[in-house]
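Tertiary structure, described
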Amino acid sequence: MNHRPAARRERLAASLAVFLVLAILAVVSVAHGTFYDDEAWTLHFMDRAPTVWRVIAEANAGDVHPPLGYVIMRVLHDVLGSWLAVKLAGGLWSAAGMAGLLWFAGASCDRRTLAWSALLLAGAATAVMWGTSLRWYAWFNPLYWPLAGFAGWRARSLTSGAAALAVGGVLLFHTNYLAALAVPPLALVVCLRHGAAAGTAERWRAAAVLLAGALACLPQAWVMARVHMADGAEQTGSLGQALAQAGSTAVLGNAVFVAAPLALAFALVSLVALALAVTKPEWRRAAMPLLVPLIVSGGLLVLSGVGYRGRNAVFLHPLWLLLVARALAASPRWLQGVGLAAALAMAALGLRNVAIHDGTMKRSFNTPYAAAMERLRAQAQACRAATVIHHDPVLGVLLAQAGMPQREAFMEQRAPVMLQPGDCLLAVHGWRGPRDPGRMAAWEASFRAPALVSAGRQPLGRDADAAMKARLSGESLDEAYLVLEPLRARSPMVYRPTD
């Protein structure tokens, strides 16, 4: 293996290329999307918290996450004036975080490894998929990535590494409690790199710096234990679920359906390359800054059950890609050729999916809400008066922003709707709602009143992977993301939303 580091200008060019590709993707993705289900919760949260101090109080009183991510979004919205602009800022921050990771990691790369690393990171559309969001991961992941790069390749001493991890760890912990699983392995990397050469005095200084960082987290840790852990059971799953979700996210990301043939082919090529490379002690030593956080943080995600929510493992995805890049760079030429074809195809599909909001693992991310709103407006114009009946949190936000009358079944707004001849109910059937089949049957039956005439069902969007997703999850999923059913009243009636 050639260990001559790539030139500084080559690292800069590669890092800028990664940033530009992902930044352009962020612009395109935000332009083609609206919000997804978890973001609707954030928007309701922000309605209750119009100031920074109110955000902190609300988050620490009853949320499951610490407040820093919400504070960042509150400030950005006050400055930028738009939630879509905040989403774009998160996407650009994610692109910068990936570029920063490559800049630091590239210090130990030869030209071939740098090229592989740039290719795989530029195609990591998962970073933008979650980065262009109104949730904590838009701010957590892009800070972790360069921090991991600094700990693994840039820190020149035990003290400098400890100082960076103390500051970065405090920020990460106040953004999400995953920092407790993500930061200690980076401290281990710094110790493995510099611990043997450090003197006793420096070791004590580094320990004191890390202790100061830990102490700075104690007030928020107390809030976590007292308030946020109360809903912790909903954030964890079984060992098998955590392994499947965290493993698939770390290896393949979420921009491409994990059971797609292309994703499976890329995973197979990656594993073959790693199996060949890991047998070489020299390669293992060079890859240590990646192997330690992947093994330790990945193991903690699985053992704690937190990996059940696959998005919690997104911070490890670029590290896995860098590990694969190093393995492919050290592979035989035939495997590099196969790997190049698989990587390019995987990158192209992931970038396409995130750009147009289609084919990703996140169904709500794919749902064509903008098209649904256009269709609802057109249908409403054909009615004397129209009320949208639905059970989708994102539609609830968009309809409120548009000022369109609505009722959300299974939620708080259950006031009856007074209908006169020519008035319409615009029913939107979707996959969200209670799991109880009886309640869903009652919801469907509420539209079969004799006074209502259906204009037929209109599917909106198609999930090509719905059948496979249903088999993997055990849930019942329709192929259509949403189904619009206009119903017109032919005589006076009172419609009562299902409770």
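Below: a short report on this structure.

Reading the values: rules and limits
- Residues numbered from 1 in each chain as written.
- Predicted model: local features only at pLDDT ≥ 70, side-chain atom pairs only at ≥ 80, totals over all residues.
- Heavy atoms only, no water.
- Helix = DSSP H or I, 4+ residues; strand = E, 2+ residues; numbered from the N terminus.
- Rg over C-alpha atoms; globule rule 2.2 N^0.38 Å.
- Buried < 20%, exposed > 50% of the residue type's maximum accessible area, 1.4 Å probe, protein only.
- Contact = heavy atoms within 4.5 Å.
- Salt bridge = Lys/Arg side-chain N within 4 Å of Asp/Glu carboxyl O.
- 1 Å grid on protein atoms, 1.4 Å probe; cavity = no way out; pocket = protein on both sides within 12 Å on 5 of 7 lines; lining within 4 Å.
- Points joined across faces, edges and corners; volume = space filled by probe spheres on them.
- Nonpolar A, V, L, I, M, F, W, Y, C, P; charged D, E, K, R; others polar.
- Pairing = 2+ DSSP bridges.
- Core = buried A, V, L, I, M, F, W, Y, C linked by side-chain atoms within 4.5 Å.
- Disulfide = S-S within 2.5 Å.
- Phe/Tyr/Trp six-rings, centres within 6.5 Å; stacked < 30°, edge-to-face > 60°.
- Lys NZ or Arg CZ within 6 Å of the ring centre and 35° of its normal.
- Patch = residues over 30% accessible without salt bridge, like charges linked within 9 Å, V, L, I, M, F, W, Y side chains within 5 Å.
- Areas by Shrake-Rupley, 256 points an atom, 1.4 Å probe, with all protein chains shown as cover.
- Axes fitted to C-alpha atoms, helices over the stretch in contact; angles between N-to-C directions.
- Parallel < 35°, antiparallel > 145°, perpendicular 65-115°, else oblique.
- Left-handed = near helix turned anticlockwise from the far one by under 90°.

Once that is clear, we can look at the overall build of the chain. Counting its regular elements, the chain contains 22 helices and 8 strands. For 499 residues, the compact-globule formula gives about 23 Å, and the C-alpha radius of gyration of the chain, at 25 Å, lands near that figure. Structurally, the chain occupies a C-alpha span of about 85 × 55 × 40 Å along its principal axes. Within the chain, the proportion of its 499 residues that are buried is 54%. In the chain, of all internal contacts separated by at least 6 residues, the share reaching a separation of at least 24 is 80%.

Turning next to the pattern of salt bridges. Applying the stated criterion to the full structure yields 16 salt bridges. A salt bridge links Arg 311 to Asp 38; the nearest nitrogen and oxygen atoms lie 3.5 Å apart. With Arg 311 in the loop between α15 (288-304) and α16 (317-329) and Asp 38 in helix α2 (residues 37-48), the pair connects residues that are 273 residues apart, well separated along the chain. Of the charged contacts in the structure, one is a salt bridge between Glu 39 and Lys 87, with a shortest N-O distance of 2.7 Å. Of this pair, Glu 39 sits in helix α2 while Lys 87 sits in helix α5 (residues 83-105), and the two are 48 residues apart along the sequence. Neither residue differs from the other here; Glu 39 and Lys 87 are each classed as buried. The structure contains a network of salt bridges with shared partners spanning Asp 37, Asp 38, Arg 311 and Lys 362.

This part is about empty space enclosed by the protein. Gaps left between atoms are located by rolling a probe of water-molecule size over the structure's atoms. By the definition in use, this model includes 3 cavities of 30 Å³ or more. Each pocket or cavity is described by its volume, and for the largest cavity that value is around 160 Å³. Along the wall of the largest cavity there are 17 residues; nearest its centre are Gly 123, Ala 124, His 317, Met 346 and Ala 347. At the level of secondary structure, the elements contributing two or more residues to the lining of the largest cavity comprise α6 (111-122), α12 (239-252), α16 and α17 (333-356). With 4 residues, the single largest contributor to the lining of the largest cavity is α17. Residues of the lining of the largest cavity, tallied by class, amount to 13 nonpolar, 4 polar and no charged.

We now examine the environment of Trp 53. Among the structural elements, Trp 53 can be located in helix α3 (residues 52-62). Taking the C-alpha atoms as reference points, Trp 53 and Arg 488, 435 residues apart in sequence, are found 47 Å from one another.

For the rest of this paragraph, the subject is the pairing of strand β7 (residues 480-489). Of all 10 residues in β7, 9 are buried, a share of seventy percent or more. Across 7 bridges, the pairing between strand β4 (residues 424-430) and β7 is antiparallel. Its bridge partner lying in β7, Cys 424 is registered against Arg 488. Pairing between strand β5 (residues 452-454) and β7: 3 bridges, direction antiparallel. Paired with Ser 454 across the strands is Leu 487, a residue of β7. Across 4 bridges, strand β6 (residues 458-462) lies against β7 in antiparallel orientation. The residue of β7 that forms the bridge with Arg 462 is Ala 480.

Okay, the nonpolar core next. Formed by 97 residues in total, the largest nonpolar core has its most connected members in Phe 140, Tyr 144, Phe 315 and Leu 323. The greatest single-element share of this core, amounting to 10 residues, is contributed by α16. Discounting chain neighbours no more than four positions away, the residues touching Leu 323 are Leu 274, Trp 283, Ala 287, Leu 290, Leu 291 and Leu 294. The next biggest cluster of nonpolar side chains, apart from the first, holds 35 residues, and it includes Trp 83, Leu 376, Val 388 and Cys 424.

So, on to the state of the cysteines. Under the counting rule described, the total for this entry stands at 1 disulfide. The disulfide bridge from Cys 383 ends at Cys 424, spanning 2.0 Å between sulfur atoms. In this structure, the disulfide formed by Cys 383 and Cys 424 twists by about -90 degrees around the S-S bond and is classed as left-handed. One end of the pair, Cys 383, is in the loop between α19 (369-381) and β1 (386-390); the other, Cys 424, is in strand β4, with 41 residues separating them in the sequence. For the residue pair Cys 383 and Cys 424, the accessibility class agrees, reading buried in each case. You can see Cys 191 has no disulfide; the closest cysteine sulfur is in Cys 217, sitting 17 Å from it.

What follows concerns unusual backbone geometry. Despite not being glycine, His 357 has its phi angle at roughly 60 degrees, a positive value. Note that His 357 resides in the loop between α17 and α18 (363-366). The class of His 357 is buried, set by a relative accessible area of 13%.

Before going further, it helps to spend a moment on the packing of aromatic side chains. Aromatic rings considered in pairs are described by the distance between their centres and by the relative angle of their planes. Across all of its chains, the model carries 11 aromatic pairs by this definition. With a centroid separation of 6.1 Å and an interplanar angle of 90 degrees, the aromatic rings of Tyr 36 and Trp 130 are classed as edge-to-face. Of this pair, Tyr 36 sits in the loop between α1 (8-32) and α2 while Trp 130 sits in helix α7 (residues 126-131), and the two are 94 residues apart along the sequence. For the pair formed by Tyr 36 and Trp 130, the shared burial category is buried. Joined through ring pairs, the aromatic side chains of Tyr 36, Trp 130, Trp 136, Tyr 137, Phe 140, Tyr 144 and Phe 315 make up one cluster. For the cation-ring pair, Arg 48 lies above Trp 41, with the distance from its terminal atom to the ring centre recorded as 5.6 Å.

Time to look at a nonpolar patch on the surface. On the surface, Leu 188, Leu 192, Ile 295, Val 296 and Leu 300 cluster together to form a nonpolar patch covering roughly 410 Å² of accessible area. Counting only elements with at least two residues in the nonpolar patch, the list comes to α10 (179-194) and α15. Per element, the largest residue contribution to the nonpolar patch is 3 residues, and it comes from α15. Tracing the sequence through the fold places Val 296 in helix α15.

Moving on, we come to the packing of α10 against α15. Contact geometry for α10 and α15: axes closest at 9 Å, N-to-C directions at 150 degrees. When the interaxial angle is binned, α10 and α15 end up roughly antiparallel. Judged by the twist between their axes, the crossing of α10 over α15 is right-handed. Between α10 and α15, the residues in contact are Leu 181, Ala 182, Pro 185, Leu 186, Leu 188, Val 189, Leu 192 and Arg 193 and Met 288, Pro 289, Val 292, Pro 293, Val 296, Ser 297, Leu 300, Leu 301 and Ser 304, respectively. Per-class residue counts for the contact of α10 with α15 are 14 nonpolar, 2 polar and 1 charged.

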